[in-house]
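Structure assessment
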Amino acid sequence: MKKSYFIFSIVFSIFLSGIFAFNSPLAQGSKSSYDIKIFPQDQVLNGPLGELTAFYLLIPGLKIEDPTYIDVHYSSSQLIVQDISYMTMHINGNPVSSMYIGGRAPDSAVWRVEIPARFFRTGFNDLKIATLQRTTADPCTDLYNNANWVRILANTTLHVSLFNADPSAISSYPHPYLDFFTNDPVNSDFVLAPDFSAEDAADVLRIASDWGAKLPFKNMNFNVLLKTGESNQRNKIYIGELSKFPEIKPSVSGNPSDGIVYKQMVGDSQLTNLYLTGVDKTAVRKSVTAMLNPNDVLQMEGQQAYVEKVDSTCGKQSSFLPREGLFTLQDLGLPRISLDGIFLQKYKLSITRPVRISPTLDSYVRLYFYHSENLDRKQSLLTVLVNGFPVGSAELSPENSKGGELLVKVPESELEKPIWNLEFSAYHFLGSTEYVDCTFNYDAAAWTVIEGRTEINLSPSESDVTPSLLNFPSIVTGDAEALKEIYFWLPAKPTESQLKLAAVIAAKAGQGIKNSIDFKVIMADELDNNSKTNASVIFAIGYPQERKKWESLKDVLMMYPNQNGGYTINPKLSTIRDNIQKESVIEAVQSPWNKKGIIYTIIPSDNDGANSLASFLADPQKSSKMEGHISMFMKNGEVVPFSITEPISLVKTFINPLKNIPLRYLIVGVILIAILVYIIIRVFKRKKTKTK
């Protein structure tokens, strides 16, 4: 069995760019070391052969130094025969150490593997633990033997020693501002001028979403400061026009429209300030956009760079759903899935259901695949499972070896689940085990490839779906054009705490789709008509006393801030008392201006409430538990979810079970019922005529 894990993941995009870098004298090199857990939980390897792979990203500008090593914590079945069972560590295909295993359970042991620095390379490095484990001299008897196991424990740790030869070079970005190797990776503050613009705020949110995309499972907490004597105890990223930062004097190119990226060493060179600036807003936007493109950043070898041009699509999220409800493995970043090796091979992935889609019985998964030609068709099979339920299989035969298709329907019981766990399982049989050596994987002889054009279709219901906070802040609504119009509606003069909260939400949105997002920011008490009609998702952030903002949403909010400092509660939430004060509230509602739009209202009680709410949302473990249509954050730290309750009616009782049935089927059903009623009436009239 093969398993793969990313120590962290990052999405690279390459665009045509124009970057001019200027070298500066090298600053004194800096060294650091990290201990990194490489597996999220204990991993179990069964069978005669096992593999575990993790990927470690070495950021450009950093180098690995000795000593670097892995402490593999493991235990194994007492039945494993030690003198014919062993474990080997590989890095980038190079074996670096091997040892015998066996007889450890229930105790665990530690195997330290020294890894020479020369085996590491810039970019992704794959670390593989391979086992050959036997309970008898015949490995084929261990194919499905549950007593044959090796457990690699979650506290298996990679210790790396890093050296940054030139801390002043821009090319090491996002290091050190984003520290990939810690649980709290944000290692810097954003700084804006006191008179910052909506465009400046949008640039902060773009970078925050990009960092979230790079580290989709980490705690992403930010500080956004206004430039009024901020502390120098952390790295800083300044964003805004050059005139707002008189303390720096970068060289200005002959073209005033060029963006300027400038890195400044602070104090003893342990901290740095990064300025993303230019003479006007267009130039500033160029600087920010360039930092979203790793290919551009790599060209910035010095302390200052001019950004002449960037691709107009750089940093913008392409359409996640090619059409409503339908996307492919390619859209999920999987150009193909390769199931290699003899016998049983599996691949798992999770799909989060878009917030405004209620899938119908028409929902399906359509696999496009091909496989090696020498599989035994009678015992070789490709199977699809949804949330653990087998839903369809295809024989792996010579007829579909060059290209096959498998269409499977999603079980009705799984349609409304918030997450679909898909598993693609291939059983490759080459013939009787008397002709097969079970100590080999036969990767080149037994394989199945699932193509990137494989479709996952969440066929949407015709009925409206009430937005919820499940997977907040999800921005995937099911509309193909939706991701182009994501708005943050901030107060006319946002506080640092409100900006911090917005940055955390932007990072979480980036984590959700694993890509940066080109947010639009409105800083006003009211939205203009263009924003109202075009926005697919609006994050409305403000305090309860911002009456003008909440007045425009009065008809759709279940908890409406009133003039007394509390909330007016909609009768549908009759379980909530009316005298709520000083609690923070997040609510998901349908936009009153756009039927397909969603508005998330984020109403912290005050600055302290905004900071507490940001800390809660930044923690993936805590925020993943949000549900319902409303979440109320109590002063004692408790989070209380609420769902809208509708009055019971006979009509809804009858209609609700039909919501997952496609409209065309309902129409056909109504026509058939009408014909049946017509026939019954005709028969009844004839009988009545004969009686007379």
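Report on the accompanying structure.

Here is what the cut-offs are and how they apply
- For every chain, the first residue of the written sequence is number 1, and numbering continues from 1 onward in sequence order.
- Since the coordinates come from a predicted model, pLDDT governs what is reported: local features require at least 70, and pairs of side-chain atoms require 80 or more to be given and counted, while whole-chain, interface and lining totals use all residues.
- The basis for every side-chain value is the complete set of heavy atoms in the structure, and neither hydrogens nor water enter the calculation.
- Only DSSP runs of H or I covering at least 4 residues are called helices, and only runs of E covering at least 2 are called strands; the numbering of each starts at the N terminus.
- In this scheme, a residue with accessible area under 20% of its type's maximum is buried, one over 50% is exposed, and one in between is partly exposed, where area comes from a 1.4 Å probe on protein chains only.
- Criterion for a salt bridge: a side-chain nitrogen of Lys or Arg within 4 Å of a carboxyl oxygen of Asp or Glu.
- Multiply 1.5 Å by the residue count of a helix minus one, and that product is the helix's expected span.
- We call two residues in contact when some of their heavy atoms are within 4.5 Å.
- In protein, a polar contact requires one atom able to donate a hydrogen and another able to accept it; more generally it is a pair of N or O atoms within 3.5 Å, and residues adjacent in sequence count only if both atoms are side-chain atoms.
- His is not counted here, nor are the chain ends, while Lys and Arg score as positive and Asp and Glu score as negative.
- Angles run from 0 to 180 degrees between N-to-C directions of axes, and those axes are lines fitted to C-alpha atoms, restricted for helices to the stretch in contact.
- For classification purposes, angles smaller than 35 degrees are called roughly parallel, those larger than 145 roughly antiparallel, those between 65 and 115 roughly perpendicular, and all remaining angles oblique.
- Crossing chirality is assigned from the near helix's rotation relative to the far helix, an anticlockwise turn below a right angle marking it left-handed and a clockwise turn marking it right-handed.
- When residues are grouped by polarity, Ala, Val, Leu, Ile, Met, Phe, Trp, Tyr, Cys and Pro land in nonpolar, Asp, Glu, Lys and Arg in charged, and all others, Gly among them, in polar.
- Strand pairing is assigned whenever DSSP identifies at least 2 bridges connecting the two strands.
- Residues qualify for a patch when their relative accessible area is over 30% and they have no salt bridge, like charges being joined within 9 Å and the nonpolar side chains of Val, Leu, Ile, Met, Phe, Trp and Tyr within 5 Å.
- Only the protein chains shown count as cover for residues, and all accessible areas are computed by the Shrake-Rupley method using a 1.4 Å probe.
- Buried Ala, Val, Leu, Ile, Met, Phe, Trp, Tyr and Cys residues that are joined via side-chain atoms within 4.5 Å together make up what is termed a nonpolar core.
- Only Phe, Tyr and Trp rings are paired, with Trp represented by its six-membered ring, and only when their centres lie within 6.5 Å; those with planes under 30 degrees apart are stacked, over 60 edge-to-face, the remainder tilted.
- Two limits define a charge over a ring: the Lys NZ or Arg CZ must be within 6 Å of the ring centre, and within 35 degrees of the ring normal.

A word on the overall build of the protein chain. Helix and strand counts for the protein chain stand at 10 helices and 37 strands. Burial status across the protein chain gives 54% buried among its 692 residues.

Moving on, we come to the pattern of salt bridges. Taken as a whole and judged by the stated rule, the model has 23 salt bridges. A salt bridge links Lys236 to Asp189; the nearest nitrogen and oxygen atoms lie 4.0 Å apart. Here Lys236 is found in strand 15 (residues 235–239), whereas its partner Asp189 is found in strand 13 (residues 188–192), with 47 residues between them in sequence. For Arg206, the salt bridge goes to Asp518, with nearest N and O atoms at 3.6 Å.

Compared with an ideal rise of 1.5 Å per residue, which puts 12 residues at 16 Å, helix 7 (residues 607–618) spans 16 Å between its outermost C-alpha atoms and is within 8% of the ideal. Buried within helix 7 we find Gly609, Ala610, Leu613, Ala614, Phe616, Leu617 and Ala618. Against the buried residues of helix 7 lie helix 4 (496–513), strand 34 (584–590), strand 35 (598–603), helix 8 (620–623), strand 36 (630–633) and strand 37 (639–642). Near the N-terminus of helix 7, the side chain that reaches the backbone nitrogen of Asp608, with its oxygen 3.2 Å away, is that of Asp606.

Note that Glu546 resides in the loop between strand 31 (537–541) and helix 6 (547–551). Of the side chains with opposite charge, Lys549 lies nearest to the buried Glu546, which makes no salt bridge, at 4.1 Å.

The next thing to look at is the packing of helix 4 against helix 7. Between helix 4 and helix 7, whose axes approach to 8 Å, the crossing angle comes to 15°. By the angle between their directions, the pair helix 4 and helix 7 is classed as roughly parallel. For the element pair helix 4 and helix 7, the recorded crossing hand is left-handed. Residues Ser497, Lys500, Leu501, Val504, Ile505 and Lys508 of helix 4 form the contact with helix 7, whose own contacting residues are Asn607, Ala610, Asn611, Leu613, Ala614, Leu617 and Ala618. When its residues are assigned to classes, the contact of helix 4 with helix 7 shows 8 nonpolar, 3 polar and 2 charged.

Where burial is concerned, most of strand 31 is hidden: 5 out of the 5 residues are buried. Burial of strand 31 is two-sided: the residues Val537, Phe539 and Ile541 facing one way and the residues Ile538 and Ala540 facing the other way are all buried. Here 4 bridges tie strand 29 (residues 486–490) to strand 31, and the two strands are oriented parallel to one another. Bridged to Ile486 within strand 31 is Val537. Bridging between strand 31 and strand 35 involves 5 bridges; their strand directions are parallel. Note that in strand 35 the partner of Ala540 across the bridge is Thr601.

Ordered by their spatial adjacency, 7 strands build an open sheet running 30-29-31-35-34-36-37, and the pairing between neighbours is mixed. Two strands lie at the open edges of the sheet, namely strand 30 (520–523) and strand 37, each paired on one side alone. For this sheet the average axis-to-axis angle between neighbouring strands, irrespective of direction, equals 15°.

This brings us to a nonpolar patch on the surface. A contiguous nonpolar patch, built from Ile667, Val668, Ile671, Leu672, Ile675, Tyr678, Ile679 and Val683 and spanning about 740 Å² of accessible area, is present on the exposed surface. Considering the arrangement of structural elements, one finds Tyr678 in helix 10 (residues 663–691).

Turning our eyes to something else, we now look at the packing of helix 1 (residues 198–214) against helix 2 (residues 281–291). Interaxial distance between helix 1 and helix 2 falls to 10 Å at its minimum, and their mutual angle equals 5°. Judged on the interaxial angle alone, helix 2 and helix 1 are roughly parallel. Between helix 1 and helix 2, the contacting residues are Glu199, Ala202, Asp203, Arg206, Ile207 and Asp210 on the first element and Lys281, Val284, Arg285, Val288, Thr289 and Met291 on the second. Here the contact of helix 1 with helix 2 is built from residues that sort into 5 nonpolar, 1 polar and 6 charged.

What follows deals with the nonpolar core. Judged by nonpolar contacts, the single largest core of 106 residues is most densely connected at Tyr56, Trp211 and Phe488. If one sorts the elements of this core by residue count, helix 4 sits on top with 10 residues. Residues Ala394, Leu396, Leu422 and Phe424 belong to the second largest nonpolar core, which totals 28 residues.

The tally for this structure, following the rule as stated, stands at 18 aromatic pairs. For the pair Tyr173 and Tyr177, a centre-to-centre distance of 6.3 Å together with 40° between the ring planes defines the contact as tilted. Three or more aromatic residues link up through ring pairs in this structure, and these residues are Phe472, Phe488, Phe519, Phe539 and Tyr600. The ring of Phe119 is capped by Arg118, whose NZ or CZ atom sits 4.8 Å from the centre of that ring.

A few words on helix 1. Helix length check: helix 1 (17 residues) gives 25 Å between terminal C-alpha atoms against 24 Å at 1.5 Å per residue, within 8%. The buried count for helix 1 comes to 16 of 17 residues, which makes it a mostly enclosed element.

Below, the discussion takes up unusual backbone geometry. Here Tyr173 and Pro174 are connected by a cis peptide whose omega angle stands at 10°. Considering the arrangement of structural elements, one finds Pro174 in the loop between strand 12 (157–164) and strand 13. Geometrically, the link from His175 to Pro176 is a cis peptide bond, its omega value of 5° lying close to zero. The phi dihedral of Asn92 falls on the positive side, at around 50°, and the residue is not glycine. Tracing the sequence through the fold places Asn92 in the loop between strand 7 (86–91) and strand 8 (94–100). Although it is not a glycine, Phe343 sits at a positive phi angle of roughly 65°. Within the fold, Phe343 resides in strand 21 (residues 343–352).

So far we have only geometry, and geometry alone does not tell us how the molecule works.
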